[in-house]
Amino acid sequence: MVSLGTIVLILSIVLCIHALSGRGLIGCQAGTSCNQVLGSRWSFLLGTVPVSALAMGAYIALLFCLLSFDRLEPDMQRFTGRIMLVIGGAVFGSAIWFIRLQRTLIHAFCPYCMTAHILGMILAVLIIFWCARRDISGRALHFLIGLLLSVALAVLQLCTTPKTLSERGFAQEELPQFDMDELPVIGKSDAPTAVTLLFDWQCSHCRRIHLMLPDVVRELHDSVAFICCPVSLSNECNPYVPYSADQFAGSCELMRMGLALWRTDRDAFREYERWFFGRDLPTVGEARNKAQNLIGDEALEKAMQDPWIDSYTMKALELFGRTSVNGKAAIPRFICEGAWLVPDADDAPSLAALIRSFAQ
């Protein structure tokens, strides 16, 4: 159990350092499901305390109890065993809560978090058997107390965590702009406010936000339109991304393919867009087959070589780079009149409220 507890403690420390410093983790680059979980508002308690710090404290206390148990007097051993049961119950219940959060509210999974949660649950079960072998009384009661503590944590998070969260910034100089007739638009072209949306076709967070946008436009009574500006999170074509996760392989091709469809046949592009976002993330090969079926192989290849795509890419990358702070390449990113916003919202009304305050 000491070895298992040490592994989970190390994971908790790594996650806590990431939460406090923003340092990247392998496989948790911007746009990944992992980054979506670790960057969500649910990763903090009361908006300031990383939940991984609470886990760190619990595992340090648990390891201390385990390592000191045999040197204690019988009465203190019983007391220490009960403390371990309370911690085990809290760890078990909290693991269930955070797994459920990832599944139902964040709609993404962090492999580091899931590993810590699963190992924590196994450790909690082992604590029950360990205490049973040492005849620690009140095992069910003290484990239940721990479960109730995890319920209290869940209630506290639900009551104090805001429905929306965002990372904001302002550019010091005028930013490149796109016209509504250059790129796909969600909303009416005569809307009084135009918001540029930077997104990657393969970014899970982008996909979730993208699907909310038609409802956001309705919530805001057609006062806002979104100019859909694709960029890539692969450093094959984006020098502002220091390195790429495997999941963004082919991102550059998807960007060019979408732009080629838009330039060639806008009705075909809209069908492609509905197909792409209306299902599980397709592979690059599946996306290419769909595009070829819509406009033909030769037309697609010719359109992807359009010099306009290269000039667009340079302009979009300039916009991306000038709204990236301290090397952070988080998207989706809304940009309006020199201000930029990376949103996190559970639903369209929450996102609409965020956009309303941002675009004023």
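Residues numbered from 1 in each chain as written. Predicted model: local features only at pLDDT ≥ 70, side-chain atom pairs only at ≥ 80, totals over all residues. Heavy atoms only, no water.

A. Structural context of the state of the cysteines. Following the criterion strictly, the structure yields one disulfide and no others. Just so you know, Cys65 is unpaired, no disulfide at all, and the nearest cysteine sulfur is the one on Cys131, 9.6 Å from it. Its relative accessible area of 8% is what places Cys65 among the buried residues. (Disulfide = S-S within 2.5 Å. Buried < 20%, exposed > 50% of the residue type's maximum accessible area, 1.4 Å probe, protein only.)

B. Expanded view of the packing of aromatic side chains. All chains considered together, the criterion is met by 16 aromatic pairs. Measuring from centroid to centroid gives 5.3 Å for Phe178 and Tyr312, while their planes differ by 50°, and the two rings are tilted. Taken together, the positions of Phe178 in the loop between β3 (164-170) and β4 (185-186) and Tyr312 in helix α12 (residues 307-322) put the pair 134 residues apart, joining distant regions of the chain. With a relative accessible area of 6%, Phe178 lands in the buried category. With a relative accessible area of 2%, Tyr312 lands in the buried category. Three or more aromatic residues joined by ring pairs form one cluster here, namely Phe199, Trp201, Trp262, Phe269, Tyr272, Trp275, Phe276 and Phe277. Over the ring of Phe320 we find Arg333; its NZ or CZ atom is 4.6 Å from the centre of that ring. (Phe/Tyr/Trp six-rings, centres within 6.5 Å; stacked < 30°, edge-to-face > 60°. Helix = DSSP H or I, 4+ residues; strand = E, 2+ residues; numbered from the N terminus. Lys NZ or Arg CZ within 6 Å of the ring centre and 35° of its normal.)

C. Geometry of the pairing of strand β7 (residues 333-336). Side chains Arg333 and Ile335 of β7 all project onto a buried face; the interleaved residues Phe334 and Cys336 project onto the opposite face, where all are buried too. Pairing between strand β5 (residues 193-199) and β7: three bridges, direction antiparallel. Opposite Leu197, over in β7, you have Phe334 as the bridge partner. Of the strand pairs in this sheet, β7 and strand β8 (residues 339-345) are connected by three bridges, and their pairing is antiparallel. Counted as the bridge partner of Ile335 is Trp340 from β8. Between β7 and β8, which pair antiparallel one after the other, the connecting turn spans two residues, and Glu337 there sits at a positive phi close to 50°. (Pairing = 2+ DSSP bridges.)

D. How the structure looks around a nonpolar patch on the surface. A surface patch of nonpolar side chains, amounting to about 350 Å² of accessible area, comprises Leu144, Leu148, Val151 and Val155. Tracing the backbone through its elements, the reader meets Leu148 in helix α6 (residues 139-160). (Patch = residues over 30% accessible without salt bridge, like charges linked within 9 Å, V, L, I, M, F, W, Y side chains within 5 Å. Areas by Shrake-Rupley, 256 points an atom, 1.4 Å probe, with all protein chains shown as cover. Salt bridge = Lys/Arg side-chain N within 4 Å of Asp/Glu carboxyl O.)

E. Local environment of empty space enclosed by the protein. Inspection of every chain in the model, using the stated rule, returns two cavities of 30 Å³ or more. Pro184, Phe199, Trp201, Cys228, Pro230, Gly258, Leu259, Trp262 and Phe269 together form the lining of the largest cavity. Those elements that provide at least two residues to the lining of the largest cavity are β6 (224-230) and α8 (251-264). With three residues, α8 is the largest single contributor of residues to the lining of the largest cavity. A per-class count over the lining of the largest cavity returns eight nonpolar, one polar and no charged. (1 Å grid on protein atoms, 1.4 Å probe; cavity = no way out; pocket = protein on both sides within 12 Å on 5 of 7 lines; lining within 4 Å. Points joined across faces, edges and corners; volume = space filled by probe spheres on them. Nonpolar A, V, L, I, M, F, W, Y, C, P; charged D, E, K, R; others polar.)

F. View of the side chain of Arg207. You can see Arg207 is positioned in helix α7 (residues 204-219). Nearest to the buried, unbridged Arg207 among oppositely charged side chains is Asp280, at 6.1 Å. A polar atom in the side chain of Arg207 sits 3.2 Å from the backbone oxygen of Phe276. If near-sequence neighbours (up to four positions away) are discounted, Arg207 is found in contact with Trp201, Phe276, Phe277, Arg279, Asp280, Leu281 and Pro282. (Lys, Arg positive; Asp, Glu negative; His and termini not counted. Polar contact = N/O pair within 3.5 Å; in protein donor to acceptor, adjacent residues only side chain to side chain. Contact = heavy atoms within 4.5 Å.)

G. The arrangement of the packing of α8 against helix α10 (residues 284-295) in detail. Orientation of α8 relative to α10, taken along the N-to-C sense of each, is 15°, at an axis distance of 11 Å. As summarised for this structure, α8 and α10 are arranged roughly parallel, according to the angle between their axes. Crossing angle aside, the handedness with which α8 passes α10 is left-handed. Packed against α8, whose contacting residues are Glu253, Leu254, Met257, Leu261 and Thr264, the element α10 presents Val284, Ala287, Arg288, Ala291 and Ile295 at the interface. Partitioning the contact of α8 with α10 into residue classes produces seven nonpolar, one polar and two charged. (Axes fitted to C-alpha atoms, helices over the stretch in contact; angles between N-to-C directions. Parallel < 35°, antiparallel > 145°, perpendicular 65-115°, else oblique. Left-handed = near helix turned anticlockwise from the far one by under 90°.)

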